[in-house]
Amino acid sequence: MKVSVICLIYKSTGYANFVYESFKKYANPKLNSINFHFIANDPTKNLLDYLKENNLPHKLFLNEDANEYYLNRVYRAWNFGGFEADADIIVFVNSDMAFTKNWLKNLLKNLREDRIVTCRLVESGKLRSGKYGIEKNFGQTYSEFDDKSFQNFVNNISKSEIKEGGLFMPCAVYKDSFVKSGGYPIGNRTEKNGNITPGDKILFYEKLLPMGIKHYTIFDSLIYHVQEGHNEDSEFQHYPGPRRT
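These notes cover the structure that comes with them. From a predicted model like this one, the values you see are computed outputs, not experimental measurements.

What counts, and where the lines are drawn
- Residues numbered from 1 in each chain as written.
- Predicted model: local features only at pLDDT ≥ 70, side-chain atom pairs only at ≥ 80, totals over all residues.
- Heavy atoms only, no water.
- Salt bridge = Lys/Arg side-chain N within 4 Å of Asp/Glu carboxyl O.
- Buried < 20%, exposed > 50% of the residue type's maximum accessible area, 1.4 Å probe, protein only.
- Helix = DSSP H or I, 4+ residues; strand = E, 2+ residues; numbered from the N terminus.
- Expected span 1.5 Å × (residues − 1).
- 1 Å grid on protein atoms, 1.4 Å probe; cavity = no way out; pocket = protein on both sides within 12 Å on 5 of 7 lines; lining within 4 Å.
- Points joined across faces, edges and corners; volume = space filled by probe spheres on them.
- Nonpolar A, V, L, I, M, F, W, Y, C, P; charged D, E, K, R; others polar.
- Pairing = 2+ DSSP bridges.
- Right-handed = clockwise from strand over helix to strand, strands pointing away.
- Core = buried A, V, L, I, M, F, W, Y, C linked by side-chain atoms within 4.5 Å.
- Contact = heavy atoms within 4.5 Å.
- Axes fitted to C-alpha atoms, helices over the stretch in contact; angles between N-to-C directions.
- Patch = residues over 30% accessible without salt bridge, like charges linked within 9 Å, V, L, I, M, F, W, Y side chains within 5 Å.
- Areas by Shrake-Rupley, 256 points an atom, 1.4 Å probe, with all protein chains shown as cover.
- Lys, Arg positive; Asp, Glu negative; His and termini not counted.
- Charge placed at Lys NZ, Arg CZ, Asp CG, Glu CD.

**Thoughts on the pattern of salt bridges**
- Across all of its chains, the model carries 11 salt bridges by this definition.
- Among the ionic pairs, E191 bridges to R189, the shortest N-O distance being 2.9 Å.
- A residue is classified by how much of its surface remains accessible, and R189, at 31% relative accessible area, is partly exposed.
- Members of the salt-bridge network, linked through shared partners, are K159, E161 and K163.

Have a look at this one:
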């Protein structure tokens, strides 16, 4: 089975290096046929030059309307990455995330045709976390991140458990299911009462769930989330949709 790990990036060379180096450090050599790709979403010239000069795997995505609301362009880029992936399984991650030794192995071993599976997040505390999330600060920027302390913490809390629901990313899903669902909607939805329904919630619960695909969180697949990494350099730095469920 081919697996494609997909990450959006717009401007920050620092976060590009942060997420890619963490991925390489904790990639499991026993997992074959795994590739990592940045989707350079309307990238700055500086970022694009950096990706090329450092041979970082990437695909370029230029939105037809560069002035379209940024979140719509983010969702379009996620769909481009998923639809174009040369893989059986797609895994979406954010650029302000750091990985652990068995995160991908444990995530994929719980994937089924009738599941979309997500990691359990440890989040910096910049924002309140959501369902199953843990608030503990191991760094609120990539340069502050304390990987050693984070890995020790994960070793103590990791457990072989799976629960329904949770946050929305990182997530793993079969590409065929993602394509059949139509992918992410292009933007969040404003309800009649003024509430906002995020596009990832629409994908998980209004597109995939009617197809018989349920959402689960994997408790021994743990990821660190800096949170709002995009605010350090750009609104595009990581997936910005509301994820508090």
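Next comes the rest of the write-up.
**Focus: the environment of V74**
- Along the chain, V74 turns up in helix α3 (residues 70–84).
- Sequence spacing of V74 and V5 is 69 residues, and the spatial spacing of their C-alpha atoms is 16 Å.

**Digging into helix α1 (residues 13–25)**
- Helix length check: α1 (13 residues) gives 18 Å between terminal C-alpha atoms against 18 Å at 1.5 Å per residue, within 8%.
- Turning to α1, its buried residues number three or more, namely G14, Y15, A16, F18, V19, Y20, S22 and F23.

**Considering empty space enclosed by the protein**
- What the rule picks out here adds up to 1 cavity of 30 Å³ or more.
- Volume-wise, the largest cavity comes out at about 30 Å³.
- Together, T118, C119, R120, L121, K131, Y132, G133, G166, L167 and T217 line the largest cavity.
- The dominant element in the lining of the largest cavity, judged by the number of residues it contributes, is strand β6 (residues 115–123), at 4 residues.
- Of the residues assigned to the lining of the largest cavity, the class counts are 4 nonpolar, 4 polar and 2 charged.

**A short note on the pairing of strand β3 (residues 58–61)**
- Across 4 bridges, strand β2 (residues 34–41) lies against β3 in parallel orientation. Pairing of F38 across the sheet is with H58, part of β3.
- A crossover connection joins β2 to the parallel β3 through helix α2 (residues 45–53); in handedness this β-α-β unit is right-handed.

**What about the nonpolar core?**
- Counting residues in each nonpolar core, the largest one holds 48 residues, and the members touching the most others are F36, F38, V91 and W103.
- Looking at this core element by element, the count peaks at 6 residues for α1.
- Not counting residues within four places of it along the chain, the set of residues in contact with W103 comprises F23, Y26, V91, V93, C119, S221, L222 and I223.

**Some points on the side chain of D220**
- Locating D220 in the fold gives a position in strand β12 (residues 214–225).
- Judged by relative accessible area, which is 10%, D220 ranks as buried.
- The residues contacting D220, other than those within four sequence positions of it, are N102, N106, K109, S158, K159 and S160.

**Here's the deal with the packing of α1 against α2**
- Where α1 contacts α2, the two axes come as close as 10 Å, and the packing angle between them is 35°. In contact with T13, A16 and N17 of α1, α2 contributes N46, L47 and Y50.
- Taken together, the residues that form the contact of α1 with α2 break down as 3 nonpolar, 3 polar and no charged.

**So, a negative patch on the surface**
- On the surface, a cluster of negative charge is made up of D88, E113, D114 and D176.
- Structurally, the position occupied by D176 is in helix α6 (residues 175–181).
- A relative accessible area of 55% means that D176 is categorised as exposed.

**Focus: the layout of surface pockets**
- The calculated volume of the second largest pocket comes to roughly 150 Å³.
- Lining the second largest pocket are Y26, T100, K101, N102, W103, N106, Q151, V154, N155, S158, D220 and L222.
- At the level of elements, α4 (103–109), α5 (147–157) and β12 are the ones that each hand at least two residues to the lining of the second largest pocket.
- Considering each element in turn, the lining of the second largest pocket owes the most residues, 3 residues, to α5.
- Here the residues of the lining of the second largest pocket sort into 4 nonpolar, 6 polar and 2 charged.

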